[in-house]
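# Residue-level structure breakdown
The residues making up each chain are set out below.
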Amino acid sequence: MKKRTMAAILAGGMLLLAGCADMAGHRAAVPAQEARTTIPTRAEALAVIDKVNGYWQRTTPATEWSFWNVAVYHTGNLAAYEVTRNEAYRQYSERWAEYNGWKGAKSDNKAEWKLTYGETDDHVLFGDWQVCFQAYLDLYRLGPQDPRRVARAREVMGHEIGTDRVDYWWWADGLYMVMPVMTKMYHLTGDRRYLDRMVAYFEYANGLMYDSETHLYYRDARYVYPKHRSVNGKKDFWARGDGWVFAALAKVLADLPRDDPYRPMFEERFRAMAQTLQGIQAPEGYWTRSLLDPAHAPGPETSGTAFFTYGMLWGINNGLLDRGTYLPVAAKGWDYLTRTAIQPDGKVGYVQPIGDRAIPGQVVNRDSTAHFGVGAVLLAASEMAKLAH
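Just so you know, these numbers come straight off a predicted model, no measurement behind them. (Residues numbered from 1 in each chain as written. Predicted model: local features only at pLDDT ≥ 70, side-chain atom pairs only at ≥ 80, totals over all residues. Heavy atoms only, no water.)

When its secondary structure is counted, the chain shows 13 helices and 2 strands. Against the 2.2 N^0.38 benchmark of 21 Å for 389 residues, the chain shows a C-alpha radius of gyration of 20 Å, consistent with a compact globule. Across its three principal axes, the chain shows a C-alpha extent of roughly 55 × 50 × 40 Å. By residue count, 60% of the 389 residues in the chain fall in the buried class. Counted over contacts in the chain with a minimum sequence separation of 6, partners at least 24 positions apart contribute 73%. Within the structure as shown, the chain displays about 14700 Å² of accessible surface, and the carbon and sulfur contribution to it stands at 52%. (Helix = DSSP H or I, 4+ residues; strand = E, 2+ residues; numbered from the N terminus. Rg over C-alpha atoms; globule rule 2.2 N^0.38 Å. Buried < 20%, exposed > 50% of the residue type's maximum accessible area, 1.4 Å probe, protein only. Contact = heavy atoms within 4.5 Å. Areas by Shrake-Rupley, 256 points an atom, 1.4 Å probe, with all protein chains shown as cover.)

Across the interface, helix 2 (residues 42-59) lies against helix 3 (residues 68-84) with an axial gap of 11 Å and an inter-helix angle of 140°. Relative to helix 3, the element helix 2 lies oblique. In this structure, helix 2 crosses over helix 3, and the sense of that crossing is left-handed. Every residue of helix 3 that contacts helix 2 at R42, L46, I49, N53, W56 and Q57 is listed here: Y73, N77, A80, V83 and T84. (Axes fitted to C-alpha atoms, helices over the stretch in contact; angles between N-to-C directions. Parallel < 35°, antiparallel > 145°, perpendicular 65-115°, else oblique. Left-handed = near helix turned anticlockwise from the far one by under 90°.)

Moving on to the layout of surface pockets. The calculated volume of the largest pocket comes to roughly 360 Å³. As for the largest pocket, its lining consists of 18 residues, of which A79, K251, A254, Y310 and K386 are closest to the centre. Mapped by element, the contributors of at least two residues to the lining of the largest pocket are helix 3, helix 5 (132-142), helix 7 (173-189), helix 9 (239-255), helix 11 (302-317) and helix 13 (371-388). Its residues assigned to classes, the lining of the largest pocket shows 7 nonpolar, 3 polar and 8 charged. (1 Å grid on protein atoms, 1.4 Å probe; cavity = no way out; pocket = protein on both sides within 12 Å on 5 of 7 lines; lining within 4 Å. Points joined across faces, edges and corners; volume = space filled by probe spheres on them. Nonpolar A, V, L, I, M, F, W, Y, C, P; charged D, E, K, R; others polar.)

Counted under the stated rule, the structure contains 33 salt bridges. For R90, the salt bridge identified is with E94, shortest N-O distance 2.7 Å. A residue pair is termed a helical-turn pair when its members lie 3 or 4 positions apart in one helix, as R90 and E94 do in helix 4 (residues 87-99) at 4 residues. In this pair, the class of R90 matches that of E94, namely buried. Measuring nitrogen to oxygen at the nearest pair gives 2.8 Å for the salt bridge that ties D220 to R222. Residue classification places R222 among the partly exposed residues on the basis of a relative accessible area of 45%. (Salt bridge = Lys/Arg side-chain N within 4 Å of Asp/Glu carboxyl O.)

As a further point, take helix 10 (residues 263-279). With 17 residues, helix 10 ought to run about 24 Å at 1.5 Å a step, and its terminal C-alpha atoms sit 25 Å apart, in line with that. Extensive coverage of helix 10 is indicated by the burial of 15 of its 17 residues. (Expected span 1.5 Å × (residues − 1).)

This next bit is on helix 9. Between the first and last C-alpha of helix 9 there are 25 Å, a value that for 17 residues agrees with the 24 Å anticipated at 1.5 Å per step. Taken across its 17 residues, helix 9 has 15 buried, putting it largely inside the fold.

All right, on to the nonpolar core then. Side chains of a nonpolar character, in soluble globular proteins, are inclined to be buried together. W169, Y176, M179 and F266 are the most contacted members of the largest nonpolar core, which has 128 residues in total. Ranked by the residues each element gives to this core, the list is headed by helix 13, at 11 residues. Apart from the residues within four sequence positions on either side, F266 is in contact with M179, M198, V199, F202, L249, V252, L253 and L256. (Core = buried A, V, L, I, M, F, W, Y, C linked by side-chain atoms within 4.5 Å.)

With that settled, consider the environment of G315. Mapping G315 onto the fold places it in helix 11. Taking the relative accessible area as the measure of exposure, G315 reaches 0% and is therefore buried. It is 29 Å that separates the C-alpha atoms of G315 and D167, two residues lying 148 residues apart in sequence. With near-sequence residues (within four places) excluded, G315 lies in contact with F270, L320 and L321.

This part takes up the packing of aromatic side chains. Enumeration over the complete set of coordinates arrives at 27 aromatic pairs. For the ring pair W96 and Y136, a centre distance of 5.5 Å and an interplane angle of 45° mean the geometry is tilted. Of this pair, W96 sits in helix 4 while Y136 sits in helix 5; the two residues are 40 residues apart in sequence, bridging distant segments of the chain. Since its relative accessible area comes to 0%, Y136 is described here as buried. (Phe/Tyr/Trp six-rings, centres within 6.5 Å; stacked < 30°, edge-to-face > 60°.)

Moving on to the side chain of D122. As for its position among the elements, D122 is in the loop between helix 4 and helix 5. For D122, a relative accessible area of 17% translates into the label buried. Polar contacts involving the side chain of D122 include one to the side chain of K114, which spans 2.5 Å. Other than its neighbours up to four places away in sequence, D122 contacts S107, E112, W113 and K114. (Polar contact = N/O pair within 3.5 Å; in protein donor to acceptor, adjacent residues only side chain to side chain.)

Structurally, the position occupied by G355 is in the loop between helix 12 (323-341) and helix 13. A sequence separation of 152 residues divides G355 from E203, and the C-alpha atoms of the two residues are 24 Å apart. Contacts of G355, omitting those with residues within four sequence positions, involve R219, W238 and R240.

Tracing the backbone through its elements, the reader meets K51 in helix 2. Note: C-alpha distance between K51 and Y99 (48 residues apart in sequence) is 25 Å. Excluding anything up to four places from it in sequence, K51 contacts I342, Q343, P344, D345 and G346.

Below you can see the structure in the form of structure tokens.
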């Protein structure tokens, strides 16, 4: 990566961290001493995982496709396995992987591989078909290390980094779908190109979606201000979209070597996002669907909130976020997840349906659930179990 580009990115993060700018329309940050800081015991956090994942696996077959909405659940399921060692969780993901032949989109004709949006087997290079590789690579690492488990990931991602294109990630979701695949592929192969190309693709995405004033991401270029505005004329940042990015940064940092030259860039971006998110959390613990305009689509939403809570907890657990500052934020997010989002039977509610923006008037209630929302909750609960430990 060019030194000038990295310096600019780092400077943006340092400016925010040096002094908190007062962004018009933001809620004031909740003082740490006034926020609820009670955290569960490890046993209580594990019980939440068991309640949520037990319900999901009892009511949802493992034999579903490998597209993003399902695959994201498995990234959370395997995080839950890592802290619980519940073999039922690992076996559930293995059945799903076997059902899909350890593949995403299944075309073998490279001449027809597409990177544009698509739900068919020729959209092999579209990131929503690549998030499944995160789970396959984790299952390979956990063993047995059968080459068949990672053969398709090697084929597809190896082909991708061999191209000159950088425009693979043009929507915020894509950063979660594929950035962690790149770091996992680096660990699998030792090929430095996976990190170099990851940063090149990330820079392209930043040019389309990143807002340097707020340190948040628009969902994609269609929603950049002032071309697009919230109902009250504000910048419209979609909670789940920024949740994808914040969680992706945590996952990338979990895998990047401590001495990697790209690490400071990702750390600064992660901290800058965390600082903004801290100041716009609702008193009830959730983040509204339009982050800076609560009136645009008011009320609780679980998927974005769970991703933010996961990222905050990961940052605390790994020394990137100050515990005294961010634990109250994570605790409030956890309180919302366990008291409002998770229903008595373990169903995860208040998940905004599949979409690409905050929609005024859209109904999101206790019966609104989805694979990816459950996956996000499992990620957050797994980090809470580590914190409590």
